[in-house]
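# Structural description and commentary
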Amino acid sequence: VQLVESGGGLVQTGGSLGLSCLASGFTLSDTAMGWFRQAPGKEREFVAAIKWDGIDTLYADSVKGRFTISRDFAKNTVWLRLNNLKPEDTAVYYCAAAIRQWSTMAVVYDFWGRGAPVTVSS
């Protein structure tokens, strides 16, 4: 089982980025997928999640209206679109998978990627 994030990088305030997470070793049909982030010196926090139906989504209040999570079952991939980025969005972004569970809590997620750094310059 492996989750591999890609698409991180450096962007200016107000800019956009797209993150992707490719899952291998399992199918996404029974999993909720989430994105979390961890800024330097801070705890990991929930960003967004999408249920196994590909329809229901959850967002942290801090990113609601700016970030969009989506998934492609055929490609076993989950995306996170980050728009109108702010310096406080700077963090390492992690993709995570939860087998038949649905939560904003990191402890619920069974598998994790290694993370993709996002840096937003002011």
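Look up: the structure comes first, before these words.
I will try to describe carefully the structure that is included in this document. Values in this document were obtained by computation on a predicted structure and should not be read as measured data.

Analysis parameters
Here the residue numbers are simple positions, counted from 1 along each chain's written sequence. Per-residue local features of the predicted model are confined to residues with pLDDT of at least 70, and side-chain atom pairs are confined, for both listing and counting, to 80 or more; whole-chain, interface and lining totals are unaffected and use all residues. Only hydrogens and water are set aside; all other atoms, that is, all heavy atoms of the structure, feed into the side-chain values. The set of buried Ala, Val, Leu, Ile, Met, Phe, Trp, Tyr and Cys residues whose side-chain atoms join them within 4.5 Å is what this entry labels a nonpolar core. Relative accessible area decides the class of each residue, using a 1.4 Å probe on protein chains only: under 20% of the type maximum gives buried, over 50% gives exposed, and in between gives partly exposed. Counting from the N terminus, the helices are the DSSP runs of H or I reaching at least four residues and the strands are the DSSP runs of E reaching at least two. What counts as a disulfide here is a pair of cysteine sulfur atoms lying within 2.5 Å.

## Some remarks on the nonpolar core
Met33, Trp35, Leu80 and Tyr93 are the most contacted members of the largest nonpolar core, which totals 38 residues. Of all the secondary-structure elements, those providing two or more residues to this core are strand E3 (17–24), strand E4 (31–38), strand E5 (45–50), strand E7 (67–72), strand E8 (77–82), strand E9 (91–99) and strand E11 (116–121). Sorting elements by how many residues they give to this core places E9 first, with six residues.

## A look at the state of the cysteines
Covalently bonding the sulfur atom of one cysteine to the sulfur atom of another cysteine gives a disulfide. Overall, the coordinates contain one disulfide when judged by the stated rule. Two residues share a disulfide in this structure: Cys21 and Cys95, whose sulfurs sit 2.0 Å from each other. Measuring handedness by torsion sign, the sulfur bridge of Cys21 and Cys95 sits at about -75° and is left-handed. Separated by 74 residues along the polypeptide, Cys21 in strand E3 and Cys95 in strand E9 bring together distant segments of the chain. On the basis of relative accessibility, which here comes to 0%, the residue Cys21 falls in the buried class. Relative accessible area serves as the criterion here: at 0%, Cys95 is assigned to the buried category.

Shape is all these values report; function is a separate question.
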